[in-house]
Amino acid sequence: MTSWRSTIAFKQKGEGKEDGGEGEIARPFEFVSLDQQRKQKWKSFMSNLEDECCQEDAAEIGQGQTQLPKAKGGEEATPGKETEGVKENGDRGQSLMPGRNFSSISSLYMQQLRGDIHLGLGDGNTPKNISAPIVTLPPTLPLRDWVEHHANCNRTSLSRMGMGKQIDKAYLEDAAAVALSLARKLLECCGEGSALVRNEDITIDNVIVSDTKSGDIEFVVRRPRCGSDGDYPAQDPSQRSKICALGRIYYEVFTQGTPCEVSTKQQFAPAPTSDENAFDVALKITSVDDAQPDDRVEKRKHPRRESESDCPSRYTTLQTLGLPPSISRLVADMLANQEGQGDLFRPDRSVSSLTDVVCDLEHMVDDPNSYLHDSLLMRLEPVVQDKLYGRETELRACLEVAEDVSKQTPAEMFTPQSVIMISGFSGSGKSTLVREVSTQLCKLGWRCLQCKFPQEVRLQPLSTITSAFDHFLEDIARGMLENGDKQGIVDQVTNSFDDSDMNVLCGLIPALRKLVPVARETPKPNESSFSSGDANASKCRLHFLLGLLVRALSSPMEPLVVVMDDLQFSDMASLEVINSLVEGVQYEDSTSDNRGSQHVMFVGCYRNNVVSDSDPLAVSIQQMSESSTIRLKEISLDRLSSEDVNAIVGDSLFCPHRLTRSLSSLIHQKSAGNPLFVKEFSHSMLTLHILSCSLSRHQWMWDEDVIQMKAVFNGVGDLLSGRLKILPKDVLASLQVMSCFYVLSSDLLVYVKNNVCGVSDIVAGLDSAAKELLVKKKADGSYHFVHDMVRQTVYGGIEKKDRVIMLKELTDTLIARTVEGRRDSVLFVIVDLINRVRPTNTPIAEERVCYAKLLRLAGEKAIQTPDFPTAFEYFESGISFLGDGLWGDEYELSLALCTKAAAAGCAIAKTHLVKQRLAEVFVNAKCYEDKLESKHLLIESLVVTGSLEEALKHSLEVLDYLGEPISNDFDDEAVRDELTNTRKCVHQIRPSLDNLPPMKDPQKIKAMIFLRLALASCYQQISRFFAIGACRMIKLTISHGLHELSGVAMAALSYAYTTVLKDYTEGHKLGKLAFMLNKEPKYTGDIAAATMDVTSIFKEPIQALLPSLLEAHKAAFKRGTMLSAFQLLHHYCFHSFLSGSPLNALDKEVKSFLCLMSRHKIVRHYLILIPMCNFMSKLSGAKKFTHCDRFQEYEDNASNIKHAFEKKDISRCGAIITLEVVEHFIFRRMDSAERILRQYQDFFDLHERVVVQFHAIHRTLYSGLIAFYLFRESGDQFWMDRGMTSQRKYERWTRDGCQWNFENKYLLLTAELHSCIGEIGQATEMYQRAIASARDHRFIHEEAIANELAGYFHSEKGTKDISAPLLERAIVCYRTWGAKKKAYQLQQTLLSMSN
């Protein structure tokens, strides 16, 4: 039904002048801009109303004259006096609506509101707005005096009406507040015990207004009289008697002193005689004297009303006294509980609970215009309030989580991120709940960032999230202009990003430049020929930057709530961003002052009935629930209760909730408690005239029998379909066009507003739909559906065949009208339409090629965003549109689509489809040059999946094509010769190396790219090719100029110098030179991983390298180079652990790193850290960390090592075995240690003759200590040789390398050597020096080991007085390190030795 609120307007007297003359005054109410159709509708309505009024007048005449109360002077009021004011103003009453006479409406209050009686006019001689002298009220006053005071002080008008009473809105509002306070006080007393206040004590004389300003009251209650047995007199167990007594007080308060006359007829029920029961007596009391038996039966079928009883109509009396219908209705219904009427025949409207009284009055006090003065009933249709119903518990739960977030302090590190996930069926009130949460938090000083994902329609990649940030920052920038108090945000944002990062974000979020007006543009780096290889780096970098932005926008003083609505419609790229934001920025940015946990709360909403367990959203939520870094609160919204539905219905009708219970019960039954269903069902009842507004009765009317028979709809869609059927054709057509876009933005509206799909003016149609509350128009001119169910119903209502035609026409129209200056936002709308049209509905070849080109363009732009899942879909869709023409006439287009589809597929791990597209390229490419990008993708994917030998094979094949052939058949001597020759070349060119010209030869540039890929596979295999490849890259740099990978090549060369030539000094210098040559920040992580892994350890204290490793990891992570970032991370963890960093802090770091690796699917480095995490738990005795499901099978070291050997990942094998050797040694499991060394030592000696990795340095120490122990136990010379080999290595490293890192280890190995050969004095001295060196160089764990070994040594020699203090000192050092379990084990050993 059409909203009358938007089509009827009224002019008050004196607002304007008629055309007939200058001085003529307009009638009190008249139509403004009302079309003919709605005029006819209104006249029909008013005609029915007139008939209704006439019928009621006749009914009242038949029932007899209404009994009127006596005036103050004792004179009984007469009907003539009652209607005198009405007759006097009869002409004005006729002007309510054209041609209608409403003199039958007897409420003086309503006549005055509608213009029949004018305030301040009186008899025409009384001046207007004459106020009585202001009298100050005392703070405490008896209620009767309070009423009399206000009766004598007229605050608004001196007009005399009806019985001489005055309409005073201000007094009514004050009286309502006093009445509410009184009802609450009585309800409180009844809660404590009904006997505390007797019925006869509830009188106006026993009430005191304790605060005349606020209207608070107090009871002055006489002590109840006790019976002979000491009990209180019996009271009515129900509240009806008290309600009736309270109604008498209200009667006198609201009528300003007129007492309530109690009916003398049947005030008390007569006692039944012996031959009649109480039921018969009740029938006699309430029967109508002249009614026939059949009439009585018929009357009992319908609700009992006051007018049917013997009592006079108090409602009519109160209205005659000038009270509004709301007060008249409440007081009359309260007085209907008078004694003498049994429950069976009480009027159904009688108030049965004090809670209902309180509820009615609360509405009147909170919203007097709507509920007290009844001024909104002229809307003539339900108005559903935009408020939260029935979700108070859920709202409180959300606010409790927010309170915990706001209490977080900067000192709390690794605080779990708070996330709330709200689920429920469509229309269950999820969005309303979230909106209320946001409103409440904003009042508490929070900021709110909101985004809502569109249904089905695929918009510009990540546009939902970036637009949300853009609108949010626009509001902040606007607030800065108005208030100038947001400088703290500007500082946080500025300090969080460097120049290049800021430009990346500003490209996605233009409003950011308004916060940071200094746009520091930086030149873009030279694009390589294979930019698709950086796809994952771009995505990870964007996620990291958005995470930093979220952190910068939050603060302890102004926390941030991020709301994500309709997550079931989110695409994969958006879901990945959300997961990244929820996980948060794991590490503190060095330039940020906002250290500690994020003051951010995430709230997501989704429909649980459309999200299956295998859905990506469900998987993400499950991962959140299992994550140790996320505190997830899940809230499921169920159906509303009957009382909640009654609140919705009562508020929408502006009617007391007690009067709508019967209607609400039926609506609850039909709607199953779904809030959206409730609203639409109410609207359908109005449309079908089942629900109507009676102006004469001033109430809503409905027929319960008709509602009960109304069919139960399948859902909201059926109800909406009924509404759509009665819309004009042009309005429905406009909605159908809009449903194809979901949101009709102002940019898009320019191209489709006229002459499209048979609609001449879509704006006019949508404006009409907005009046029907189907769409809403925003300030920027865009149109949105009020609920996605509306869009779904409109779109689903289009026949499938017609829908394809409409989509096709819209596609072609947009393509034709946006040839010049097409915006990206419009481009993505076009390709979304193309994908819904499908190739099967596009028979013309030229159109298919055109669509494929647009899809290719959209995919390339999606990669730049980056949104690889969407890009992959676009490329695959473009291939499907080419169909049989693929690799035919459109060769270049086919090559680009297949290659780029493979590139996007690599980024999202679509392994099978990637192989398929690459194979098509390799088969159909016309030349090898066209295969190069696909070869690059193939090698990259092989490295990621661990197929290292195959990756190296393809790399050598491409290098041979590019003119840089490298033989894979060379020995150790050839490697050393190549390194020596390269060193000579570097020495010759070194002074001018930084001044070399840039490399320009395309073939050599490509060779540098494929050589780097080869290095990545060789490093993990510990292959000799690593050194050969590094030398070839350096020679290409010297001969052809600098390339962005020249710094990476120099870092690889420094690594080879250190591990192969054992030239630690030269290797360290080349590492510094590598950083100097690097001009591209994205390669900083690769260089740091190569130089800090081994090279720097030989020249710099290891503790000093740890912060540098972590900072290098952060920089690489920030740039999105995940492989380098996590390689640095696992180096940091190993060096930290094996250099004696405190285990408690390191354990927390490692666990958070594991969660980070799991989120980014970094399998290799996760598997490396599993044994370290388990080992630390064993040392400290802490609870074992629960790994992700896909990694649990590798928790056992044997399974992990087996998997590494299968992948030929020698580096991972070495790291795991090193940790296992250290664990067996520290816990003195020498048999297991012997087994490991015999099984793997020769293997590692063979592979590490050329390339030595960082973990081998630590394994050398512990394998030497184990070997000396085994020699003492067995006397086997094999172990002596092993031990001496380790001792000699550390001797050389201490002499030529960094003494800080190696001295204590060398001294300890030397002490063990002297112990084995019986040189007690030298051994004792070396133990003491090893302990002192470890202590001086802050290796606490190695100090513990040295004390423990020295204690064992002296114990074996019988000097227990020396060994005991050494072992006790070892226990202290282990505890300081955090190895509590080891300390306990050693304590038990010491006790057994003492015994």
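Details of the structure are given in the entry above.
Residues numbered from 1 in each chain as written. Predicted model: local features only at pLDDT ≥ 70, side-chain atom pairs only at ≥ 80, totals over all residues. Heavy atoms only, no water.

Q: I'm lost on the overall build of the protein chain in this one. Help?
A: For the protein chain, the helix and strand inventory stands at 59 helices and 15 strands. The buried share of the protein chain, reckoned over its 1395 residues, is 55%. Within the protein chain, contacts between residues separated by at least 24 positions form 72% of all contacts whose residues are at least 6 apart in sequence. As displayed, the protein chain offers around 60400 Å² of accessible surface, 50% of which is attributable to carbon and sulfur atoms. (Helix = DSSP H or I, 4+ residues; strand = E, 2+ residues; numbered from the N terminus. Buried < 20%, exposed > 50% of the residue type's maximum accessible area, 1.4 Å probe, protein only. Contact = heavy atoms within 4.5 Å. Areas by Shrake-Rupley, 256 points an atom, 1.4 Å probe, with all protein chains shown as cover.)

Q: How should I be thinking about unusual backbone geometry in this particular structure?
A: For residues other than glycine, phi is negative in most cases, and the peptide bonds are mostly trans. Across the junction of Thr865 and Pro866, the peptide omega takes the value 0 degrees, indicating a cis bond. For Pro866, the position within the fold is in the loop between α34 (845-864) and α35 (868-882). For Phe654, which is not glycine, the phi torsion reads 50 degrees and is therefore positive. On the secondary structure map, Phe654 appears in the loop between α23 (642-653) and α24 (661-671). When its relative accessible area of 10% is taken as the criterion, Phe654 is described as buried. Backbone geometry places Arg1228, a non-glycine residue, at a positive phi of 60 degrees. With respect to the helices, strands and loops of the structure, Arg1228 is situated in the loop between α51 (1210-1226) and α52 (1230-1247).

Q: Please clarify how the nonpolar core should be interpreted in this entry.
A: Side chains that are nonpolar tend, in soluble globular proteins, to be buried together. Counting 228 residues, the largest nonpolar core has Val493, Leu553 and Phe1137 as its most contacted members. One finds Ala733, Met738, Val790 and Leu882 within the second-largest nonpolar core, a separate group that totals 70 residues. (Core = buried A, V, L, I, M, F, W, Y, C linked by side-chain atoms within 4.5 Å.)

Q: Would you explain the sheet that holds strand β11 (residues 743-744) in this entry?
A: Within a sheet, each strand pairs with its neighbour through backbone hydrogen bonds, oriented either parallel or antiparallel. Here 3 strands make up an open sheet; going across it, the order is β11-β15-β14 and the pairing antiparallel. Edge strands, defined here as strands with exactly one partner in the open sheet, are β11 and β14 (775-777). The sheet contact formed by β11 and strand β15 (residues 783-785) spans 2 bridges and is antiparallel. In the strand pairing of β15, Val743 is matched with His784. In the packing of helix α28 (residues 729-739) onto the sheet, contacts are made with β11, β14 and β15, and the angle to β15 comes to roughly 90 degrees. (Pairing = 2+ DSSP bridges. Axes fitted to C-alpha atoms, helices over the stretch in contact; angles between N-to-C directions.)

Q: I keep staring at the packing of helix α21 (residues 572-583) against helix α22 (residues 616-626) and nothing clicks. Help me out?
A: Relative orientation and spacing of two packed helices are given, respectively, by the angle between their axes and the distance between those axes. Packing of α21 against α22 leaves a shortest axis separation of 11 Å and a crossing angle of 10 degrees. The orientation of α21 relative to α22 falls into the category roughly parallel. From α21, Met572, Leu575, Asn579 and Val582 reach across to α22, where they touch Pro616, Leu617, Ser620 and Met624. (Parallel < 35°, antiparallel > 145°, perpendicular 65-115°, else oblique.)

Q: Please explain helix α50 (residues 1197-1206) as it appears in this structure.
A: Working note: α-helix, 3.6 residues per turn, so residues spaced by three or four point in the same direction. Residues Asn1197, Asn1200, Ile1201, His1203 and Ala1204 constitute the buried set of α50. Looking straight down α50, one finds that the buried residues subtend no more than 160 degrees of arc, so they occupy a single side. Structural note: α50 exposes Ala1198, Lys1202 and Glu1206 on the side pointing more than 90 degrees away from its buried face. Its side-chain oxygen at 3.2 Å from the backbone nitrogen of Ala1198, Asp1196 defines the N-terminal cap of α50. Looking one or two residues beyond α50, the residue adopting positive phi is Lys1208, at roughly 60 degrees. (Arc of directions from axis to C-beta. Polar contact = N/O pair within 3.5 Å; in protein donor to acceptor, adjacent residues only side chain to side chain.)

Q: Would you explain the pattern of salt bridges in this entry?
A: Pairing is possible between side chains that carry opposite charge, provided their charged atoms lie close to one another. If you walk through the whole model with that rule in mind, you get 48 salt bridges. Its salt-bridge partner being Arg990, residue Glu1066 comes within 3.3 Å of it at the nearest N-O pair. Residue Glu1066 is found in helix α44 (residues 1064-1077), and its partner Arg990 is found in the loop between α40 (972-989) and α41 (1002-1021); the two are separated by 76 residues along the sequence. Taking the relative accessible area as the measure of exposure, Arg990 reaches 27% and is therefore partly exposed. Measuring nitrogen to oxygen at the nearest pair gives 3.3 Å for the salt bridge that ties Glu1111 to Lys1114. Of this pair, Glu1111 and Lys1114 both sit in helix α46 (residues 1102-1119), 3 residues apart, which is roughly one turn of that helix. Under the relative-accessibility criterion, Glu1111 is labelled partly exposed at 35%. If you follow the salt bridges from partner to partner, you end up with Arg144, Asp205 and Glu252 in one network. (Salt bridge = Lys/Arg side-chain N within 4 Å of Asp/Glu carboxyl O.)

Q: What's the story with the pairing of strand β7 (residues 600-607) in this structure? I'm lost.
A: Consecutive residues of a regular strand have side chains that alternate between opposite faces of the sheet. Within β7, 8 of the 8 residues are buried, leaving the element largely enclosed by the surrounding structure. Side chains Val600, Phe602, Gly604 and Tyr606 of β7 all project onto a buried face; the interleaved residues Met601, Val603, Cys605 and Arg607 project onto the opposite face, where all are buried too. Taken together, the 7 bridges between strand β4 (residues 417-424) and β7 define a ladder with parallel strand orientation. Looking across to β7, one finds that Met421 is bridged to Gly604.

Q: Quick question: what am I supposed to make of the packing of aromatic side chains here?
A: Two aromatic rings, taken as a pair, are described by how far apart their centres are and by the angle between their planes. Using the criterion set out here, one finds 24 aromatic pairs in the structure. Where Tyr928 meets Tyr961, the ring centres are 4.5 Å apart and the plane angle is 40 degrees; that geometry is what we call tilted. Taken together, the residues Tyr928 in the loop between α37 (911-924) and α38 (932-945) and Tyr961 in helix α39 (residues 948-961) connect sequence positions 33 residues apart. Accessibility expressed as a relative area gives 35% for Tyr961, which makes it partly exposed. On the numbers, 6.0 Å between centres and 10 degrees between planes, the contact of Phe1205 with Tyr1240 is stacked. Linking Phe1205 in helix α50 with Tyr1240 in helix α52, this pair joins segments that are 35 residues apart in sequence. Phe1205 gets classed as partly exposed once you look at its relative accessible area, which sits at 27%. A connected cluster of aromatic rings, assembled from ring pairs, spans Tyr1064, Phe1098, Tyr1290, Trp1293 and Phe1302. (Phe/Tyr/Trp six-rings, centres within 6.5 Å; stacked < 30°, edge-to-face > 60°.)

Purely geometric stuff here, so don't read any function into it on its own.
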